[in-house]
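Results of the structural survey
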Amino acid sequence: MRLIVPLRGVIQGRGGLFVGSLIPCCLFYFLQLYLKRRRPPPPSDPTELTRTSSRSNLFSRGNSIGRVRISSRAVPVAKPTDSAYYIGLERVKTDPYDRITNTDGIIQLGLAESTLCFDLLQKWMSENLMESIMQSNDGEFDISSIVMYKPFEGLLELRVAFADFMSRIMGGNVSFDPSNMVITAGGTPAIEVLAFCLADHGNAFLIPSPYYPGFDRDIKFRTGVELIPVHCRSSDNFTVTVSALEQTYNQARKRGSKVSGILFSNPSNPVGNILSRETLRDILIFAQDKNIHVISDEIFAGSVYGDKEFVSMAEIVGSGEFDKSRVHIIYGLSKDLSIPGFRAGVIYSFHEDVVNAATKLMRFSSVAVPVQRILISLLSDTRFIEEYMTAHRQRIRDKHILFVEGLKQLGIPCAESGGGLYCWVDMSSLLTSYSEKGELELFEKLLSVAKINATPGTACYCIEPGWFRCCFTALADEDIPVIMERIRKLAESSRS
Amino acid sequence: MTHTGIYRSRSGTADSETSVGSGGGGGGGTTVMRVIVPLQGVVQGRGGLVLGSVIPCAFFYFLQFYLKRNRRDEPEPDPANQNFASSPGSEPNNLGSSSLTQSELTGLSRSLSRVSPRNSGGHVSVSVRANSLHKVGDSPYHVGVKRVEEDPYDESGNPEGIIELGLAQNRLSSDWVSDENTIGLSLSEIASYEPCDGLMELKMVVARLMSEATKNVVSFDPLQLVLTSGAASAIDILSFCLADSGNAFLVPTPCSPGFDVDVKWRNGVEIIHVPCRSSDNFNISVTALDRTFSQARKRGVRVRGIIISNPSNPMGSLLSREKLYAIFDFARERNIHIISNEIFAGSIHGDEEAEFISIAEIADTEENLDKERVHIVYDLSKDLSFPGLRAGAIYSFNENVIAASKKLTTLSPVSSPSQHLLISTISKPEFIQTYVKTNRQRLKRIYSEFVKGLKGLGIECTRSNGGLFCWADMRGFISSYSVKGEIELWNKFLNIGKINVIPGSCCHCIEPGWFRFCFSNLSEKDVLVVRNRIRKSLYNM
């Protein structure tokens, strides 16, 4: 025969099939290896000029080689942001609205913070603040009780108080175990640490969209975990469905990315709707089916003002029917107690390894001990907490009605919501074109003409254009007519 | 090639005997060889050499691909649940932990009593990198600290407890902090969102404090400061910004036992130790740095920076101006970053001639481009005995690093109450001055007391001018000149003498027999107790 079979001599001599395939494979393997080693390192820093390459090392003794580079993963972090959410926040900082001194300033509707119950907090703090920092067990003040190293995962007293508080605001149907808790410096580090612990670099979380725009930063910046949006639509009032989850999951699998969990906010941020017991069960079943984690961000659990009852994931998983270890809950005091400056959050996980790993990582973002002391006395003051929570809910409800009514009169509807410090406003009637571009134009107009900073839906990865998140809890009652007037003017000018 | 003829001649008879290759119908009946060449039919039919190698290669490639994909799913066992078998190839009655095996075994699922019929998933796994965190924490450093937590010494309450000489915290001047503490907090100030990288007010105070530490030779620009929650997170953030995963930093050893954790845990940056020796008085040698750098490069590791501690931890020595220039030149020549860890800058207790020189002073004499490689880590906790407040700082000359770390501080922020506490405590210039002065005096007194005590026991320490510790030479007391001997002695200290110290191996010292004693936790009375306990552990009396 004329045909040339590779290495036929060898093959015929000995092993046949085995050697015949082994040898090309080996060669191929070494080729791969060779290619891999020779592959040039990824271009590390496109922003740097290549000016330095012409100067060589040879002459550089004692000479500058040029600019030293930062790591390639820090480059995107250092770059100015392109998310409308952060652009808006930055813009407000340059020209903030003030009722008296700067009436032409930009009104902040983009930041979920609440000043509704500051009077109550103010009273408590003025009475108890110093005492709570200075107190110690034997009544005498000991400076070392606040300035020395303490366990990074939080003082046990604080964890107990936190557990109590959480079960209180979640309706008392669940109890939380302090040993499953890790206290973090706010919800942001809590999310990041969980992402670090549950997924490896390049893995992904499913996340029903629209979602909180800060997640992008919190999760992707350092951990390298991807977020895959599961699009929800206004026709379902932006509630996630299992079929959508399933579909996105399969698509992700097909693309080769490994999905390690599903992350969602309940009450949802930015829409403000509350997930029903059934939906939570469905999500859990789905996660069980795919063997992935469930991260429930319940940071607004105490800011529920509607008729709908809030159900914690802890309650569903507590029924005993499900495997607990895949469920992780994030909570924080920034929203419900309106003390974001305290930077107090918590990871509640049923997975022992996650708790252990998170405890170790708290080395980098633990809560300062004096703050822990204040929080312990704040959270254990049950009378105050009761009073506060009732007022908090009532005042959000009132403000919500006021705000939504105002918009309604302008012909601008809002999505139905039952929790959170914001509402999800449908401004599609003001769009010049029904597209992402149109929405960003409107955002820009709101910001520079109407001087209002609201978060556009595209920043939240909403699939339908024209939705905006407006936080109303930092507004005074008399601000609302000002806002409505500004929007009305904008609407008129755009319609005419 | 000579065989070809023979095979052809036998083609007629051998046809029926071929068992493989019949799949390649295109090849026709000429497949005759006794030898079985993979996919012979195809090969003969068409491309010969090319196809003959491409096809096995392709199969091999897919096999690799398959293995790779499976590997990601399969080794999900986490160490805590060893009773689940992890290999998918295990016997059928083994309850696999991966969902794959599990679904094949639906018939058996009843044996898992806790699993509902619907439950197809096994135990859910945490990420590989989180699992790797479990392994750390077993070093003597962590063990010792834990033991002290369980059984802490107290002069009156628990005189038998373990004395902490391991943890670098300063209790000497705590009274000052509380005396002067006129804290005025107002709610709207502390409760709302505030810049996570620190209030300008606080930055100004910190900058002043840092200047004070250099005796006002250097003035620090508050705009270049980023406040973080503690020095640990400052180093964590800097490692993220300066190096990519898999890159490395050079670290002269002995070094702070915390670096490993801060640099590696989250960022995947490696540390390459550059050992210093007792014969050089543990001085950093630039030649050694250079050699290590070249070795690393040969191994294909990219070195992105060098981390130095000044005053050094654990030795407490200060870097001279010449040394700093030499290190700076080295960094410039190799175009790498310098991270200078100056968390003990305010705790200088040496003689008058012992002068602390910040790397910022060196950087200030350089042109702008070169400054950019300098980053300083500062910590309010050590100098102000405030570790519970968790306030540290990055001072960088690099705009990009400042911008990036500002954003990253949302992930490890200083809370506003802490910020305001700090502002109100340390904003008075006279307070800073008196505090720093008093702190130095007290450190000096306790240091000389402590060293004298050790000397009485025949233990020599290296000369320490700063920091909260001394570095004691116990080579004469270890049973064998090895890490094992050192750990044995450490165990003796912990169990017999009931004191917790840091063995040199934790600081990656290459010479066994050195120990770090942190003395700033002690009162003068305690020094005596410690001395007796050391004697007890060393001489069994």
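Structure first, text after, so check above.
Residues numbered from 1 in each chain as written. Chains lettered and ligands numbered in written order. Predicted model: local features only at pLDDT ≥ 70, side-chain atom pairs only at ≥ 80, totals over all residues. Heavy atoms only, no water.

Comments concerning the pairing of strand β6 (residues 293-297) of chain A
Residue and element names in this part refer to chain A. Among the five residues in β6, five count as buried, and that is most of the element. Here β6 shows no split at all, with H293, I295 and D297 on one side and V294 and S296 on the other all buried. Both strand β5 (residues 259-265) and β6 contribute to a ladder of five bridges, which runs parallel. Residue pairing in the sheet places I262 in a bridge with V294 of β6. Taken together, β5, helix α11 (residues 277-290) and β6 form a β-α-β motif whose crossover is right-handed. In this sheet, strand β7 (residues 327-332) lies alongside β6 in parallel orientation, the contact comprising four bridges. If you follow D297 over to β7, its bridge partner there is I330. (Buried < 20%, exposed > 50% of the residue type's maximum accessible area, 1.4 Å probe, protein only. Helix = DSSP H or I, 4+ residues; strand = E, 2+ residues; numbered from the N terminus. Pairing = 2+ DSSP bridges. Right-handed = clockwise from strand over helix to strand, strands pointing away.)

Let's talk about the packing of helix α7 (residues 156-169) of chain A against helix α16 (residues 382-409) of chain A
Working note: a packed helix pair is described by the angle between its axes plus the distance between those axes. All names here are of chain A. At their nearest, the axes of α7 and α16 sit 12 Å apart, and the two run at 40 degrees to each other. Comparing the axis directions of α7 and α16 gives the class oblique. Read as a crossing pair, α7 and α16 show a hand that is right-handed. Side by side, α7 and α16 meet where F165, R168 and I169 of the first sit next to T382, I385, E386, M389 and R393 of the second. Classifying every residue of the contact of α7 with α16 by side-chain character gives four nonpolar, one polar and three charged. (Axes fitted to C-alpha atoms, helices over the stretch in contact; angles between N-to-C directions. Parallel < 35°, antiparallel > 145°, perpendicular 65-115°, else oblique. Left-handed = near helix turned anticlockwise from the far one by under 90°. Contact = heavy atoms within 4.5 Å. Nonpolar A, V, L, I, M, F, W, Y, C, P; charged D, E, K, R; others polar.)

Some remarks on the sheet that holds strand β12 (residues 467-471) of chain A
All names here are of chain A. Here we have three strands laid out as an open sheet, ordered β9-β12-β11, and antiparallel in their pairing. Across the chains shown, the open sheet's two edge strands, defined by having one partner strand only, are β9 (422-426) and β11 (455-456). Relative to β12, β9 runs antiparallel, the two being bridged by five bridges. Looking across to β12, one finds that C423 is bridged to C470.

A short note on the pattern of salt bridges
A complete count under the given rule lists 37 salt bridges over all chains for this structure. We note a salt bridge from R304 of chain B to D244 of chain B, for which the minimum N-O separation is 3.7 Å. Linking R304 of chain B in strand β5 (residues 303-309) with D244 of chain B in the loop between α11 (230-242) and β3 (248-253), this pair joins segments that are 60 residues apart in sequence. Overlapping salt bridges bring together E192 and R222 of chain A together with D236 and R266 of chain B as one network. (Salt bridge = Lys/Arg side-chain N within 4 Å of Asp/Glu carboxyl O.)

Examining the environment of C509 of chain B
All names here are of chain B. Relative to the elements of secondary structure, C509 occurs in the loop between β12 (502-503) and β13 (514-518). Judged by relative accessible area, C509 falls into the buried class, the value being 10%. Separated by 236 residues in sequence, C509 and H273 place their C-alpha atoms 9.4 Å apart. Excluding residues within four positions of it along the chain, C509 makes contact with P254, F282, W471, G504 and W514.

A few points about the nonpolar core
Core analysis: the largest hydrophobic core is formed by 203 residues, its most contacted members being F162, F176, Y331, L333 and F403 of chain A. At nine residues, the largest contribution of residues to this core is made by α16 of chain A. Every residue in contact with L333 of chain A, bar those within four places of it in the chain, is listed here: F162, F165, S338, I339, A344, L375 and L379 of chain A. Residues V148, A231, I459 and L489 of chain B belong to the second largest nonpolar core, which totals 69 residues. (Core = buried A, V, L, I, M, F, W, Y, C linked by side-chain atoms within 4.5 Å.)

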